Amino acid sequence: MGELTELVNHHNHLYYQLHQSVISDFEFDGLLKELTDLESAFPALRLPDSPTQRVGGTVTREFETVTHRYPMLSLGNTYSETDLTEFDNRVAKGLEGAPYAYCCELKFDGVSISLIYEKGVLTRAVTRGDGVRGDDVTNNVRTIHRIPLRVKGAGIPDYFEVRGEIFLSKKMFSQLNKEREDIGEETYANARNTASGTLKMQDSALVAARKLDCYVYYLLGEDLPEDNHIGRIRLLEKWGFNVSPTYRSCSNIREVLAYIAEWDKSRHDLPLETDGVVIKVNAIQQQEQLGFTAKSPRWAIAYKYKAASVSTRLNGITYQVGRTGAITPVAELEPVFLAGTTVKRASLHNANEIERLGLCIGDHVFVEKGGEIIPKVTGVDMDKRQPGAKAVTYISSCPECGESLIRVEGEASHYCPNDQGCAPQIKGKIEHFIQRKAMDINSLGERTIATLYERGLVRTPADLYDLREEDILGLEGFKEQSTRNLLDGIRASIQIPFESVLFAIGIRYVGKTVAEKLARHFRSMDQLMAANREALLAAPEVGEKIADSVLAYFANEANRTEVERLKKAGLAMEVSGKEPEKLSDVLAGKTFVVSGVFAKYEREQLKELIVSHGGKVLSGVSGKLDYLLAGDNMGPAKLEKAEKLGVKIIGEAEFDQLIGGR
Ligand code: IVH
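Residues numbered from 1 in each chain as written. Predicted model: local features only at pLDDT ≥ 70, side-chain atom pairs only at ≥ 80, totals over all residues. Heavy atoms only, no water.

Student: I would appreciate a short explanation of the overall build of the protein in the present structure.
Tutor: Check the secondary structure of the protein and you find 25 helices and 22 strands. In terms of overall size, the protein behaves like a compact globule, its C-alpha atoms giving a radius of gyration of 29 Å where 662 residues would be expected to give roughly 26 Å. Projecting the C-alpha coordinates of the protein onto the three principal axes gives extents of approximately 85 × 75 × 55 Å. Relative to its 662 residues, the protein shows a buried fraction of 47%. Pairs at least 24 residues apart make up 66% of the contacts formed inside the protein by residues separated by at least 6 positions. About 33,500 Å² of surface is accessible on the protein, with carbon and sulfur atoms providing 49% of the total. Distance between charge centres in the protein, computed from 83 positive and 94 negative side chains, equals 1 Å. (Helix = DSSP H or I, 4+ residues; strand = E, 2+ residues; numbered from the N terminus. Rg over C-alpha atoms; globule rule 2.2 N^0.38 Å. Buried < 20%, exposed > 50% of the residue type's maximum accessible area, 1.4 Å probe, protein only. Contact = heavy atoms within 4.5 Å. Areas by Shrake-Rupley, 256 points an atom, 1.4 Å probe, with all protein chains shown as cover. Lys, Arg positive; Asp, Glu negative; His and termini not counted. Charge placed at Lys NZ, Arg CZ, Asp CG, Glu CD.)

Encoded structure:
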């Protein structure tokens, strides 16, 4: 186990810190699996900083409230240089004329976290909460690769705390939103709230998939090495923490102001959102001398950049239709120059947002560019409103195909239901189908899809496989070689495995991960199509929303025909490889419902074990059910029903006995 741990740590380091892959993902997963298996067989030998925790899989029902040893204070805020000069005067006065210096850092817009290390091992990660008490989110934080699980080296203090900011990089955030849009989920409004929501997710495996990051900026403890802030920051870097390289030593307030001016623009090129600069007195002894007010340190202050904002005329609203039929309203603005670029358009998200802003066409609106790249409309300049201006009425039919729009209870977006006949939906479906994560047909692009659609050559993904040379040759930009490349690319895609095909056909809410789970569970398209609601709900990670969406997809005749045509074209319709490992037949003929949270196993693990031992997993309690495998915190209704129907209720210890320690 020690050897495996070292090996996995080594490859993690190469991959996440040095961006090198020395072994394949497959080999890496093999090593990790071997270690995980050993850990479940010998739980006492599991190391507190084992790399298996990076992948998550623990489920937290309720985050424990923890009192901070050192309260997490906030900083005084200012927007003006005069305030900063006054801050500097207060510092000078407090230090009674002694020389001092500052450290300037950017103010990262994420979620603050306190990381506690005991004997070099990360033992706890706590959110800020109200500053005095926060939530223990350790299991989720352990999935963040840029946070060391253990700090090694000479002179590591027995106890220390590291404060920092957990964030979702702009890149990860837009990637996440693209993925969500692609499967018809509503997109998130900003990276900060998404990071904060992610940190509070109950299933740490989902947290791991989000790829959060963390910058640290504060080391706390007793008798720490280094007598100044910058020295400690360098120490944190040396210990393997992720420190933004943007900090700088400034010998006076003039240099501080220069730092602020310098980063005003270039901060937008950083990987995460920043909303200001934090100015800290560098010497720790001087920090102690200045001390704290009730709420914040006297030795530090935050300067906040004003979000760039202008007022311009709202000329109109246009409406975009996405692949899933979701409508996005867009503000068409009188072009205006704002923070380095000309802004002509801004997303208005949905009808609620238009109503909230109370927009009238012809209004002058305030447009702001905060951290996000896409500008937003923040309000109406009421002084300039024309008398008799009429509030915007949202469209009721699709701007592309004329179909009446629908709005599902509880959802903010309007939808065009004409998925088989609305141009952007058709083209969008084909774009989804060919993308890298799906059928990976890179000989096709948006332009070509548009041409093929306009010529009436392609209406659904299956039409791609019927294309012949004479259809393509002569299309704009296509000669013999490029035609051959295009067709070869399409033909080659029949090698793509079943799980990618399942993702490619574009069932709403079925992203790549869910497609993989469904493929593994049902093994073939036929079995998935035959599954009823109960069978779908019994599959890992499938809730009601996904189950209903799969049912609706296959209930549609046109979709069934499409799948049939794809099958004829030769696409993979079942998983290759062997059935899940068969361990025994001791549970043959027995049915189980698994509910609640367990100590030794994850719920999905239990479901897999049941199947490997010949049993069946159901989703609902009924008279036919043999066992309810009950963990903590399961719904009382389910328990009551099982008792009433005389279903045997067992815990994980009894389950272990059933499978006889196999
Ligand atoms: S130092 C006692 N440095 O801003 C001072 N804070 O309002 C501890 N923040 O809660 C904070 N970037 O979440 C510090 N470079 C930075 C920061 C930073 C962002 C956040 C932090 C804190 C809030 C203060």
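Student: Teacher, can you tell me more about helix α22 (residues 557–568) here?
Tutor: One turn of the α-helix equals 3.6 residues, which is why residues spaced by three or four share an orientation. Over its twelve residues, α22 extends 17 Å from the first C-alpha to the last, a length consistent with the 16 Å expected when each residue adds 1.5 Å. Check the buried side of α22 and you find it contacts α12 (423–434), α14 (461–464), α19 (525–530) and α21 (544–555). N-cap assignment for α22: the residue whose side-chain oxygen lies 2.9 Å from the backbone N of Ala558 is Asn556. Positioned one or two residues after α22, Gly570 has a phi angle of 105 degrees, which is positive. (Expected span 1.5 Å × (residues − 1). Polar contact = N/O pair within 3.5 Å; in protein donor to acceptor, adjacent residues only side chain to side chain.)

Student: When you look at the packing of α12 against helix α13 (residues 446–454) in this model, what are you seeing that I'm missing?
Tutor: Angle between the axes and distance between the axes: these two values describe a pair of packed helices. Between α12 and α13, the shortest axis-to-axis distance is 10 Å and the interhelical angle comes to 135 degrees. Comparing their axes, α13 and α12 come out oblique. By crossing handedness, the relation of α12 to α13 is classed as right-handed. On the side of α12, the interface is formed by Ala423, Ile426, Lys427, Ile430, Glu431 and Ile434, while α13 contributes Glu446, Ile449, Ala450 and Tyr453. A breakdown of the residues in the contact of α12 with α13 according to their chemical character gives seven nonpolar, no polar and three charged. (Axes fitted to C-alpha atoms, helices over the stretch in contact; angles between N-to-C directions. Parallel < 35°, antiparallel > 145°, perpendicular 65-115°, else oblique. Left-handed = near helix turned anticlockwise from the far one by under 90°. Nonpolar A, V, L, I, M, F, W, Y, C, P; charged D, E, K, R; others polar.)

Student: Quick question: what am I supposed to make of the sheet that holds strand β21 (residues 627–630) here?
Tutor: Sheets are built from strands paired through backbone hydrogen bonds, the pairs being either parallel or antiparallel. The four strands lie next to each other as β20-β19-β21-β22, forming an open sheet whose pairing is parallel. The open sheet is flanked by β20 (616–617) and β22 (648–650), the only strands paired with a single partner. With four bridges joining them, strand β19 (residues 591–595) and β21 adopt parallel strand pairing. In the strand pairing of β21, Val594 is matched with Leu629. Across the sheet, helix α23 (residues 603–612) is in contact with β19, β20 and β21; its angle to β19 comes to roughly 170 degrees. Its contacts with the sheet place helix α24 (residues 636–645) against β19, β21 and β22, and it is angled at close to 150 degrees to β21. (Pairing = 2+ DSSP bridges.)

Student: I keep staring at the pattern of salt bridges and nothing clicks. Help me out?
Tutor: A side chain of one charge can pair with a side chain of the opposite charge if their charged atoms are brought near each other. In the structure shown here, the tally under the stated rule is 29 salt bridges. Between Glu544 and Arg533 there is a salt bridge, with the nearest N and O atoms lying 3.9 Å from each other. Of this pair, Glu544 sits in helix α21 while Arg533 is found in helix α20 (residues 533–537), placing the two residues eleven residues apart along the sequence. Because the salt bridges share partners, they merge into one network encompassing Glu64, Arg124 and Asp136. (Salt bridge = Lys/Arg side-chain N within 4 Å of Asp/Glu carboxyl O.)

Student: Sorry if this is basic, but what is going on with the site of the ligand here?
Tutor: Around the ligand lies a shell formed by Ser74, Leu75, Glu105, Leu106, Lys107, Phe108, Ser112, Glu165, Tyr217, Val278, Lys280 and Pro297. Take Glu105: an N or O atom from its side chain is 2.9 Å from a nitrogen atom of the ligand. Between the ligand and the protein, one listed contact pairs a nitrogen atom with a backbone N or O atom of Leu106 at 3.0 Å. Relative to its free-state accessible area of 530 Å², the ligand is covered by the protein chains to the extent of 90%. If you list the elements that add at least two residues to the shell around the ligand, you get β3 (102–108) and β10 (274–281). With four residues, the single largest contributor to the shell around the ligand is β3. Taken together, the residues of the shell around the ligand break down into six nonpolar, two polar and four charged. (Near = heavy atom within 4 Å.)

Student: So what exactly am I meant to see when it comes to the nonpolar core here?
Tutor: The tendency in soluble globular proteins is for nonpolar side chains to be buried side by side. Phe433, Leu464, Leu502 and Leu518 are the most contacted members of the largest nonpolar core, which totals 56 residues. Filtering out sequence-adjacent residues up to four positions away, Leu518 remains in contact with Leu502, Val510, Arg523, Leu528, Ala539, Val542 and Val550. Membership of the second largest hydrophobic core comes to 39 residues, among which are Leu115, Val141, Ala195 and Ile230. (Core = buried A, V, L, I, M, F, W, Y, C linked by side-chain atoms within 4.5 Å.)

Student: Honestly, the sheet that holds strand β4 (residues 111–118) in this entry has me stumped. Any pointers?
Tutor: Spatially, the four strands line up as an open sheet ordered β5-β4-β7-β8, and their pairing is antiparallel. Of all the strands in the sheet, the pair left with one neighbour each is β5 (121–127) and β8 (213–220). Here the average twist between neighbouring strands, direction ignored, is 30 degrees. Sheet analysis places strand β7 (residues 159–167) next to β8, joined by seven bridges and oriented antiparallel. In the strand pairing of β8, Glu165 is matched with Tyr215. Packing of helix α6 (residues 191–199) onto the sheet brings it into contact with β4, β5 and β7, and relative to β4 it is tilted by some 40 degrees. Helix α8 (residues 229–238) contacts β7 and β8 of the sheet and is inclined by roughly 135 degrees relative to β8.

Student: Would you take a moment to explain the pairing of β3 for this structure?
Tutor: Put simply, side chains in a regular strand alternate between the two faces of the sheet. Of all the seven residues making up β3, six are buried; the element is thus mostly covered by neighbouring parts of the structure. The pairing of β3 with β10 spans seven bridges and is antiparallel. Paired with Tyr102 across the bridge in β10 is Val281.

Student: Sorry, what's going on with the pairing of strand β11 (residues 300–304) here?
Tutor: For β11, a buried count of five out of five residues is recorded, marking the element as mostly surrounded by other parts of the structure. What you see with β11 is no split at all: Ala300, Ala302 and Lys304 on one side and Ile301 and Tyr303 on the other are buried throughout. As judged from the five bridges shared by β10 and β11, these two strands associate in the antiparallel manner. If you follow Ile279 over to β11, its bridge partner there is Ile301.

Student: Looking at this structure, how should I read the packing of aromatic side chains?
Tutor: The geometry of two aromatic rings is summed up by the distance between their centres and the angle between their planes. Inspection of every chain in the model, using the stated rule, returns 18 aromatic pairs. The interplanar angle of 75 degrees and the centroid separation of 5.5 Å between the aromatic rings of Tyr100 and Tyr102 together place this pair among those described as edge-to-face. A relative accessible area of 21% means that Tyr100 is categorised as partly exposed. Of the residues examined, Tyr102 reaches a relative accessible area of 0% and is grouped as buried. Through a chain of ring-to-ring contacts, the aromatic side chains of Tyr117, Phe160, Trp239 and Phe241 assemble into a single cluster. Here the basic side chain of Arg69 rests over the ring of Tyr159, its NZ or CZ set 3.6 Å away from the ring centre. The ring of Tyr509 is capped by Lys545, whose NZ or CZ atom sits 4.4 Å from the centre of that ring. (Phe/Tyr/Trp six-rings, centres within 6.5 Å; stacked < 30°, edge-to-face > 60°. Lys NZ or Arg CZ within 6 Å of the ring centre and 35° of its normal.)

Student: Hey, could you run me through the environment of Ala539 in this one?
Tutor: By the secondary structure assignment, Ala539 is in the loop between α20 and α21. For the pair formed by Ala539 and Lys107, sequence separation is 432 residues and the distance between their alpha carbons is 44 Å.

Student: Mind showing me how you'd approach helix α5 (residues 170–182) here?
Tutor: The terminal C-alpha atoms of α5 lie 18 Å apart, and with 13 residues this matches the ideal 18 Å at 1.5 Å per residue to within 8%. Turning to α5, its buried residues are Lys170, Phe173, Leu176, Asn177, Arg180 and Asp182. For α5, the secondary structure elements touched by its buried residues are α6, α7 (204–210), α12 and α17 (498–504). The first or second residue beyond α5 is Gly184, which carries a positive phi of 85 degrees.

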